[in-house]
Structures are given as C-alpha cells and as structure tokens.
Amino acid sequence: PEFLTEADDRGMTFLHQLALAGSYDGVDVCLQHGADPNMPAGNGMKPLALAKSLGWNKVIGRLQQAGAI
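Residues numbered from 1 in each chain as written. Predicted model: local features only at pLDDT ≥ 70, side-chain atom pairs only at ≥ 80, totals over all residues. Heavy atoms only, no water.

Let's talk about the packing of helix α1 (residues 14-21) against helix α2 (residues 24-32)
Alright, step 1. Between α1 and α2, the shortest axis-to-axis distance is 8 Å and the interhelical angle comes to 155°. Accordingly, the angle class assigned to the pair α1 and α2 is roughly antiparallel. The chirality of how α1 crosses α2 is left-handed. Between α1 and α2, the contacting residues are Phe14, Leu15, Leu18 and Ala19 on the first element and Gly26, Val27, Cys30 and Leu31 on the second. (Axes fitted to C-alpha atoms, helices over the stretch in contact; angles between N-to-C directions. Helix = DSSP H or I, 4+ residues; strand = E, 2+ residues; numbered from the N terminus. Parallel < 35°, antiparallel > 145°, perpendicular 65-115°, else oblique. Left-handed = near helix turned anticlockwise from the far one by under 90°. Contact = heavy atoms within 4.5 Å.)

This is how it looks when you write it as structure tokens:
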C-alpha cells in the first residue's frame, strides 16, 4: 500500500507517526506489510529513535525485532 512509503509534509511516514505515538499494534501492522524500519524522516530520525525519545519500550522491541538500527 502507498501509505507505507508516502511521507507527510514533515517527511514522516505512517510508521514514523505510529512509532512516535507509541502504537505497538499500528507499528506491527506496518512492519508486517513491508514498512522500512530504517527509513529516516525529514529530520533524519528513524522510527526507532522516535520511539526511544518517548520511552515506548514495547514499540522499541518490535522495531528492533524487525531489524531497526
């Protein structure tokens, strides 16, 4: 689906937004459907860094499981 790769005006994909919001289920669905866990947003931050910035441990674990660095 296109929404997995399209970025908003800040350069954030749906995965970035869900990681920042701490939505484990949303992040999981995106990853299952091919979202890239290592794609940087417009500000250079990757989904893992966004989740770490707010301490979303469950989301952090799921992103790491998917190969996020």
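After that view of the structure, there is still more to cover.
A word on the side chain of Thr13
Alright, step 1. Mapped onto the secondary structure, Thr13 falls in the segment before α1.
Alright, step 2. Look at Thr13 and you get buried, because its relative accessible area is 3%.
Alright, step 3. At 2.8 Å, the side chain of Thr13 forms a polar contact with the side chain of His16.
Alright, step 4. Setting aside anything within four residues of it in sequence, one finds Thr13 in contact with Leu4, Thr5, Glu6, Ala7 and Met39. (Buried < 20%, exposed > 50% of the residue type's maximum accessible area, 1.4 Å probe, protein only. Polar contact = N/O pair within 3.5 Å; in protein donor to acceptor, adjacent residues only side chain to side chain.)

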